[in-house]
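Descriptive analysis of the structure
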Amino acid sequence: MLTIITKPEEVQNTAGEIRAGGTDLHDRYHLGVSAGPIVDIYKLKSFNDGELGAITQAADDSTHIGALATIDQVARDPIVTQHYAGLAKAAAGLATPQIRSAASMGGALLQRTRCWFFRHPHYVCYKKGGDGCFARARHNPNGVIFDAGGCVYPHPSTLGMALLAYEAEVEVYGQGRRPIVALYGDGSDPTRDHLLAPNELLTYVHLPPPVANERTAYFRAIGRFEAEWPIVECMVRLVVEEGAITFARVGAGGVAAVPLRLANVEAELVGQPATQATIERASTVAAAGANPLPHTAPKVDFLVGALLHTLEQALD
Amino acid sequence: MMRAVGSTLSRVDVVDKVAGVAQYPGDIDLPGQLWMKVVFAGIPHAQINALNVDRARAAPGVVAVLTAADVPVNEYGLIIPDQPVLCGPGSTPTAAHVRWEADQIALVVAATKAQAEAAAQLIEVDYTPLPVITDPLAALAPDAPRIHANLPDNVLYSYRIRRGHMESAFAQADVIVESEYRTHAQEHAYLQPEAGLAFVRDDGRIEVIIAGQWMHEDRQQIAHALGLPEEQIVVRYPAIGGAFGGREDMSLQIVLALAAWKTGRPIKTIWSREESIVGHHKRHPFIFKAKWGATKAGKVVAAQMDVISDAGGYMYTSNKVLGNALVACLGPYDIPNVHVDARTVLTNNCPGGAFRGFGGPQGHFAAEMQMTKLAAALGMDPVELRLQNVLRDGALLPTQSVVPPGCTAAETLEEAARRGGWMQSADGRWQRAAHAPSIQSAAGPQASARQTSLDASRRRIATGVGIAVCYKNVGFSLGFPEHCYAKVELYGEAEIEKAVVSCLGADVGQGAHTAFLQIAADALNLPPERIELQVEHTDITGSSGSASASRLTFMAGHAIQGAAAGALQEWQHEERPARCEFVFHPRPTTMYDPETGVADPSVTYGYCAQYAEVAVDLDTGHVEVTRLVSVNDVGKAINPQLVEGQIEGAAAQAIGWTLLENFIQKDGRTLTPHLSNYLIPGVLDIADVIEPVILEIPDPQGPLGLRGMAEMPMIPTAPAIAAAIHNATGIWIDQLPIVPERMWTALQAQNGA
């Protein structure tokens, strides 16, 4: 069954899976992994003079991205490309032009896992009400390298990872803002891809005012040149003053059940000279605590290499 | 008048396809049509005890739910009818046995797609699950469960070759190379997923509109399953969105006809991409155990091969593919002592079947890797070693028949070598020019490429080059009755105003119909615009055979020339219109002797050699093909632009198979049914430079000297890339695909060592 809502409050009285751009949900529905009902929120784009589909800058220079803004909008918007260039690069680097044109910011954050077993109708795993992870025992070269013991498939949200590095907040209708890290938790609950309840509606992403003179880079390691889920991806923001790194934010994706912010790497960078030696040392820290699966050992090296490459790009 | 043959005449379908006007089966709608949902078993091995479709039949919009009990003769198959049209109780005893997850168990016919799909969810199946076999080696164990009751060892088919004396030959060898090679399944990924329509015509016959590769074979199999005479069935092919062998075995033809016949209504269906990937066969995975010996002088004296292919649950074309691999795994070489045992084995995996190259890519991967390794072991140049052993006119095939005249394996290899930097020295020996990266220095990684500082490239890259050569049969082989019909009608009074040329070879995207037109134009000495092609359906003329085995232009070319000559003769006799129907029969072939493999297996062969340059990222294991030279002897290029298209398309498909495409099944279930996780190459994943090189050395048997060429450029790519990887890194990768994880793991092992 399909319910189309036109006001955010209607979601609280409507049972079903929320559909925005539909690029994830429609796929699952089509595969028999999701049975609906569907609550379509696309018409909310016109709510509040179109705010939910817009990207706007506030008086304090913070920026608000409506949850129904498309990924393509995020990639091209002048505010984002000028002040949050890393986010724009991440948005431009994911999926395909068709997907980016249809998929929404909110959907990108709340999409379900891309695990092959989750998306196969036969396998009932943690995330479908079962009590196990089939990828753990069967086939997991795409899996995590920071294994929390439950689901071993990495979180798919590139934008979630990028927004962690931007210390963004997300707003849930009727509840106000929360840090984006609270959207995902620590990944220890294998039944969840995010921590929103079924009737909670993500409405905005809020970006703090831009940091002056920051250098950003995003790198996505994939097996073909484009249009693939990342093996490993990294996002870096750096400020260099008088030859020293004074500010660092580092995100990593494709390696854990939730997008990661690598605070230990940031600590290795800040206060250090902006040299190759510094970033090589900091990159190796990214692998600290990695406990890869039988097939994911290469990803530990990939993470270190990808991060080094991203840091090099940021310093370039 | 300008000759049409040899010109780059625009394709006959180019405007319609570019403008989006061409009609593929999925684009066609018929008045009053119903939608059909095909229900897959969804379980790879089971007995169906009962199938309850009552709730589905009662669902809104449902007109019919058909099961095994509704199929008059519930069996089909291109080679043998070993597959139920619909699995389930109510027909033959073996039909209740599910052997593959995509075995079809029911057809739900409803007013709309949504209604058909909703009703399909209401079907209740009582299964007894059976043990699932996914490893062909495990399937050979004495206590393995049987996939088919009449095959107690799960061996579906086997061949052998015995030539010479192996023991004394290996004793004579100075070096012996032993390896095991594994190749993997490949999805055809054609542009148009399976789709079609069927309806009962006003004359009471059933017409099926479908995309296939062989209209008359489709017709025969539909008629067999429906228990009707073939004349009762008409098969029509509109535009076909690619095939590559994937439409050689049937998927929807019979069930569409059945549903139309049972309901009396037009029936339509289109498979989703996921249904397509799960629901049709794949390139066979193979395992080769190889032992080859050569003398210091560079003569390969012995080749011993043990070959196993994974047939999946049914025959499809497994025995034919195995028959090709039987000789392909020895490469295009004259080896005096040969011992091959080849088996195709049943499992509960997706069936293996026809795919461009038909056992050639798999067999040549093993053979050409062995040759490259022998060259390294002997310290010989790989081109020189190959040329010392390559088949030439007058040589014996492993099957002890003389290679058909016009063998040009050496010529293609020499041209690829020249373009790759090899030269022939004064003593006649081939070696790579000194300025090029040396094959001989391939003992280890190119250490100089290892960089850690912030330089321009920022990547540690090793580069290398490799070369490989192949041959592939043209036409149906091993005694199969090969023939091709064509018909020509000439209209006019004093002069020929119009010619109608009928030939039912399928244009699967390769441009066959354009080639037909060009051959006919020259045969009739008419401009192409005065020729009308009739190519659409089975009523037009007799069978042209399949668009497969690199045969169509060869066979149809002969048939069209024959029909044109006959019609012109009639024209001279004042017949108006002048007509001639001609059937071309090539020279006969023979099946392998069961003990020795002695045979004259194929009408003729085509030849291709390729030179590859690669860059291996030593940090990530990512392999990039930076240049691929593909040299193809096509005898005569009827349309050079179409030939180049075939070569470039094959390069993309072969690079995908070698480096990227990774079809994963677990427990008999497909885990990569999406193009988001079954990765076919994008335009940037194909070689930076592809150089299609056309040689035109006539085949004495070919019309206008042409050779079949569609499959050959698919074949040497994998071993050429693997040789280049070895040249770059010193690592032999014996298993495909060479995805980054596999390459990285091998690099780590090398570093650890």
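Residues numbered from 1 in each chain as written. Chains lettered and ligands numbered in written order. Predicted model: local features only at pLDDT ≥ 70, side-chain atom pairs only at ≥ 80, totals over all residues. Heavy atoms only, no water.

Some points on the overall build of chain A
A tally of helices and strands in chain A yields 12 helices and 12 strands. What you see for chain A is a C-alpha radius of gyration of 19 Å, in line with the 20 Å of a compact globule of 316 residues. With the principal axes as the frame, chain A shows a C-alpha extent of 60 × 50 × 35 Å. Counting every position in chain A, which comprises 316 residues, the buried fraction comes to 56%. Sequence-distant contacts in chain A: of pairs separated by 6 or more residues, those separated by 24 or more amount to 62%. (Helix = DSSP H or I, 4+ residues; strand = E, 2+ residues; numbered from the N terminus. Rg over C-alpha atoms; globule rule 2.2 N^0.38 Å. Buried < 20%, exposed > 50% of the residue type's maximum accessible area, 1.4 Å probe, protein only. Contact = heavy atoms within 4.5 Å.)

A look at the packing of aromatic side chains
Following the criterion strictly, the structure yields 18 aromatic pairs over all chains and no others. Geometrically, the ring pair formed by Phe286(B) and Phe288(B) is stacked, given 5.3 Å between the ring centres and 10 degrees between the ring planes. Note on Phe288(B): relative accessible area 0%, which makes it buried. An aromatic cluster is defined as three or more aromatic residues linked by ring pairs; in this entry it consists of Phe117(A), Tyr123(A) and Phe134(A). The ring of Trp657(B) has Arg283(B) sitting right over it, with the charged end atom 5.2 Å from the ring centre. Above the face of the Trp571(B) ring, Arg576(B) is positioned so that its terminal group lies 3.4 Å from the ring centre. (Phe/Tyr/Trp six-rings, centres within 6.5 Å; stacked < 30°, edge-to-face > 60°. Lys NZ or Arg CZ within 6 Å of the ring centre and 35° of its normal.)

Side note on the domain arrangement of chain A
All names here are of chain A. With domains assigned, chain A is organised as domain 1 (49-207) and domain 2 (215-315). Inter-centroid distance (C-alpha atoms) of domain 1 to domain 2 is 19 Å. The interface of domain 1 with domain 2 comprises 39 residues on the first partner and 38 residues on the second. Taken as a group, Ile-145, Phe-146 and Met-161 account for 26% of the area that domain 1 buries against domain 2, more than any other trio of residues on that side. Between domain 1 and domain 2 we count 2 salt bridges in total. Note that Glu-167 and Arg-261 form a salt bridge whose closest N and O atoms lie 3.5 Å from each other. Counting across the interface, domain 1 meets domain 2 through 17 residue pairs in polar contact (both at pLDDT 80 or more). (Domains from an automatic or database assignment. Buried area = accessible area lost by both parts, 1.4 Å probe. Salt bridge = Lys/Arg side-chain N within 4 Å of Asp/Glu carboxyl O. Polar contact = N/O pair within 3.5 Å; in protein donor to acceptor, adjacent residues only side chain to side chain.)

Side note on the packing of helix H10 (residues 360-378) of chain B against helix H11 (residues 382-389) of chain B
Residues and elements named next belong to chain B. Direction vectors running N to C along H10 and H11 enclose 115 degrees, while the axes themselves pass 9 Å from each other. The way H10 lies across H11 gives a crossing that is right-handed. For the pair H10 and H11, the contacting residues are Glu-368, Met-371, Thr-372, Leu-374, Ala-375 and Leu-378 in the first and Pro-382, Leu-385, Arg-386 and Asn-389 in the second. Here the contact of H10 with H11 is composed, by residue class, of 6 nonpolar, 2 polar and 2 charged. (Axes fitted to C-alpha atoms, helices over the stretch in contact; angles between N-to-C directions. Left-handed = near helix turned anticlockwise from the far one by under 90°. Nonpolar A, V, L, I, M, F, W, Y, C, P; charged D, E, K, R; others polar.)

Focus on the interface of chain A and chain B
Taken together, the contact between chain A and chain B spans 26 residues of the former and 31 residues of the latter. Carbon and sulfur atoms make up 59% of the surface buried where chain A meets chain B, a total of about 2,600 Å² over both sides. Across the chain A-chain B interface, the total number found is 1 salt bridge. Of the charged contacts in the structure, one is a salt bridge between Asp667(B) and Arg138(A), with a shortest N-O distance of 2.7 Å. Put simply, chain A and chain B have 6 residue pairs in polar contact (both at pLDDT 80 or more) between them. Counting only elements with at least two residues in the side of chain A that touches chain B, the list comes to helix H1 (25-31), helix H11 (276-285) and helix H12 (297-315) of chain A.

Brief notes about the environment of Lys472(B)
Residue and element names in this part refer to chain B. As for its position among the elements, Lys-472 is in strand E20 (residues 461-474). The sequence separation of Lys-472 and Ala-328 amounts to 144 residues, and the corresponding C-alpha distance is 7.6 Å. Beyond its immediate sequence surroundings of up to four residues, Lys-472 is in contact with Asn-324, Gly-357, Phe-358, Ala-549, Thr-604, Tyr-605, Gly-606, Glu-711, Met-712 and Ile-715. A distance of 2.7 Å separates a polar atom in the side chain of Lys-472 from a polar atom in the side chain of Asn-473. Engagement of the side chain of Lys-472 in a polar contact is seen with the side chain of Glu-711, the distance being 3.0 Å.

A short note on the nonpolar core
All names here are of chain B. Core analysis: the largest hydrophobic core is formed by 120 residues, its most contacted members being Met-36, Val-108, Ile-123, Leu-226, Leu-490, Leu-524 and Ile-531. For this core, the element with the highest residue contribution is helix H14 (residues 552-572), accounting for 10 residues. Counting the residues that make up this core, at least three belong to each of domain 1 (14-21 + 477-584) and domain 2 (286-476 + 595-750). The contact partners of Ile-531, leaving out residues within four places of it in the chain, are Ala-499, Val-501, Leu-517, Ala-520, Ala-521, Leu-524 and Leu-526. Judged by nonpolar contacts, the second largest core, of 102 residues, contains Ile-335, Leu-374, Ala-409 and Val-614. (Core = buried A, V, L, I, M, F, W, Y, C linked by side-chain atoms within 4.5 Å.)

A closer look at the sheet that holds strand E3 (residues 62-66) of chain B
Residue and element names in this part refer to chain B. Across the sheet, which stays open at both edges, the 7 strands sit in the order E3-E5-E1-E12-E9-E10-E11 with mixed pairing between neighbours. Two strands bound the open sheet, and with one partner strand each, they are E3 and strand E11 (233-236). With direction set aside, neighbouring strand axes in the sheet form an average angle of 20 degrees. Where helix H6 (residues 215-226) meets the sheet, its contacts fall on strand E10 (206-210) and E11, and the angle it forms with E11 comes to roughly 145 degrees. Against the sheet, helix H7 (residues 253-263) touches strand E1 (34-40), E3, strand E5 (104-110), strand E9 (195-200), E10 and strand E12 (267-270), its axis set at about 30 degrees to E9. (Pairing = 2+ DSSP bridges.)

Overview of the side chain of Thr203(A)
By secondary structure assignment, the location of Thr203(A) is in strand E8 (residues 202-207). Among all residues touching Thr203(A), those that are not within four sequence positions of it are Leu52(A), Ile65(A), Gly66(A), Ala67(A), Glu171(A), Val172(A) and Tyr173(A).

A few points about the sheet that holds strand E9 (residues 215-221) of chain A
Residue and element names in this part refer to chain A. With respect to topology, 4 strands assemble into an open sheet ordered E9-E10-E11-E12, the strand pairing being antiparallel. Each having just a single partner strand, E9 and strand E12 (260-261) make up the two edges of the open sheet. Sheet analysis places strand E10 (residues 232-241) next to strand E11 (residues 244-253), joined by 9 bridges and oriented antiparallel. By the bridge assignment, Val-236 is partnered in E11 with Val-250. Sheet strands in contact with helix H4 (residues 85-93) are E9 and E10, and its direction is about 20 degrees off that of E9. Contacts from helix H8 (residues 158-165) reach E9, E10, E11 and E12, with the element oriented near 20 degrees to E10.

Some points on H14(B)
The first and last C-alpha atoms of H14(B) sit 29 Å apart over 21 residues, in line with the 30 Å expected at 1.5 Å per residue. Where H14(B) ends, the next residue or the one after it, Glu574(B), has phi of about 70 degrees, a positive value. (Expected span 1.5 Å × (residues − 1).)

What to know about unusual backbone geometry
In this model, Gly36(A) is joined to Pro37(A) through a cis peptide bond whose omega is 0 degrees. Here Pro37(A) is to be found in the loop between H1 and strand E3 (38-40). The omega angle of the peptide bond from Leu736(B) to Pro737(B) is -5 degrees, so this bond is cis rather than trans. Non-glycine residue Ala227(A) carries a positive phi angle of around 60 degrees. Its location among the elements puts Ala227(A) in the loop between E9 and E10. Of note in this structure, Phe244(B) is not a glycine but carries a positive phi near 60 degrees. Within the secondary structure layout, Phe244(B) lies in the loop between E11 and H7. Taking the relative accessible area as the measure of exposure, Phe244(B) reaches 32% and is therefore partly exposed.

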